[in-house]
Amino acid sequence: MDDRANLLVPGRNTQAFDIAANLNNATYSNYYYRLKSLALTAYEWKGLPDSCDERFLERTLYSYGRCAFVNDETMGYMNLPCTANGNLNVYHIPVSWNVYSIGYSKTYNNDDIVVIRNNYCETPTDWLVRQYAYRLYEIQRTMDTNITAQKTPVLIYGDEKQMLTLKNLYMKYTGNEPFIFGFKNGIVNAVTVMKTDAPFVADDLQELKTKVWNEACQMLGIQSAPEKRERVQTSEVDVYNDQSDASIYCGLKPRQEAAEAINKLFGLNVTVGVRQSAKTPEQ
């Protein structure tokens, strides 16, 4: 086990704050990348030229809200990030675009490219995913803290000179050591333990986390149903599914319009659709 893994094992590293920070980052990253993966695989493109990259296309829409489809004289068809360049026409559409990537930058007139939009607002999906990932992270880490409080519902205090002793004692306690030995004029006399009796609320937090997860999936267009499905009526499930359908359509409509424009401008046969109608994955 390497040093990074050791940070996750109580009793192996004396810096408890490093353990907590590592778990905080890992928990947030867990929810962020799981939701991001769901967002990136929601739509399926077919008929793209071999020189195009569907994964990069969806990642560009996810991060920037728009992506340009161009036919470069040298490199062929490409899907790349773009920014507005120049004035706007009567419909507030830029008359030219700067299309760019690593080692590539070129200005195109609006009539020579097709701009693929993530939604009609041209907003990235990333900001939405980050919000829900943060909420899920907060709930999960609160659950972890509450569960730990059931295992160690104590407050250990003593003389400031005994700080190292207190830290070592607590690491032994949280490290599941079955016995902690004390000696006369040693730990027993130097340390006092007070019970905190923290209430167990992890069950309620788990239910809340499920609701937040379901809401996040709905916003990504993944069908879900309320918790405690045995109590849920068909009409309630239909409402949840309608919300998911509406969300997925917000991204599907501009993609389909872009595919039609690509086919008209370049003579291709590109199509796009929802990859599948999925039930909410377990969180």
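Please read these numbers as outputs of a predicted model, since none were measured by experiment.

## Focus on the confidence of the model for the chain
A residue-level look at the chain finds 68% of positions with pLDDT of 70 or above and a mean pLDDT of 81. Throughout residues 1-14 the model reports pLDDT below 50, and contacts reaching past four residues in sequence, or to other chains, amount to 19 contacts. Within the model, the stretch residues 176-181 combines pLDDT values under 50 with six contacts to residues more than four positions away or in other chains.

## Brief notes about the sheet that holds strand S2 (residues 66-72)
Hydrogen bonding along the main chain pairs the strands of a sheet, whether they run parallel or antiparallel. As summarised here, the arrangement of the three strands in space is S3-S2-S7, forming an open sheet in which the pairing is antiparallel. The open sheet has two edge strands, strand S3 (76-80) and strand S7 (114-117), and neither has a second partner. Strand after strand, the sheet turns through a mean of 20 degrees between neighbouring axes, direction not considered. Bridge analysis of S2 against S7 gives four bridges, and the strand direction is antiparallel. The partner of Phe69 across the bridge, within S7, is Val114. Each of S2, S3 and S7 is contacted by helix H3 (residues 54-64), which is oriented at about 140 degrees to S2, the strand it contacts most.

## Section: the pairing of strand S6 (residues 104-109)
As paired strands, strand S5 (residues 96-101) and S6 are joined by six bridges and run antiparallel to one another. What sits directly across from Ser101, in S6, is Tyr104.

## Notes on the nonpolar core
Residues Trp45, Phe69, Ile116 and Ile262 are the most contacted members of the largest nonpolar core, which totals 20 residues. For this core, the secondary structure elements donating two or more residues are strand S1 (43-46), H3, S2, S7 and helix H8 (234-266). Not counting residues up to four positions away in its chain, the partners in contact with Trp45 are Glu54, Leu57, Glu58, Ile116, Arg255, Ala259, Val270, Thr271 and Val272. By size, the runner-up hydrophobic cluster in this structure holds 19 residues, among which are Tyr31, Ala39, Trp213 and Leu220.

## Quick look at the sheet that holds strand S4 (residues 82-84)
Across the sheet, which stays open at both edges, the three strands sit in the order S4-S5-S6 with antiparallel pairing between neighbours. Whereas interior strands pair on both sides, the edge strands pair on one side only; in this sheet they are S4 and S6. Across the sheet, the mean angle from the axis of one strand to that of its neighbour is 25 degrees, orientation sign disregarded. Of the strand pairs in this sheet, S4 and S5 are connected by three bridges, and their pairing is antiparallel. Bridge assignment links Thr83 to a residue of S5, and that residue is Asn98.

## Points about H3
Turning to H3, its buried residues number three or more, namely Leu57, Glu58, Thr60, Leu61 and Tyr62. Where H3 begins, one side-chain oxygen reaches toward the backbone nitrogen of Arg55, 2.9 Å away; that side chain belongs to Asp53. Gly65 sits one or two residues past H3 and shows a positive phi near 90 degrees.

Definitions and limits used
Residues numbered from 1 in each chain as written. Predicted model: local features only at pLDDT ≥ 70, side-chain atom pairs only at ≥ 80, totals over all residues. Heavy atoms only, no water. pLDDT = per-residue confidence, 0-100. Contact = heavy atoms within 4.5 Å. Pairing = 2+ DSSP bridges. Helix = DSSP H or I, 4+ residues; strand = E, 2+ residues; numbered from the N terminus. Axes fitted to C-alpha atoms, helices over the stretch in contact; angles between N-to-C directions. Core = buried A, V, L, I, M, F, W, Y, C linked by side-chain atoms within 4.5 Å. Buried < 20%, exposed > 50% of the residue type's maximum accessible area, 1.4 Å probe, protein only. Polar contact = N/O pair within 3.5 Å; in protein donor to acceptor, adjacent residues only side chain to side chain.

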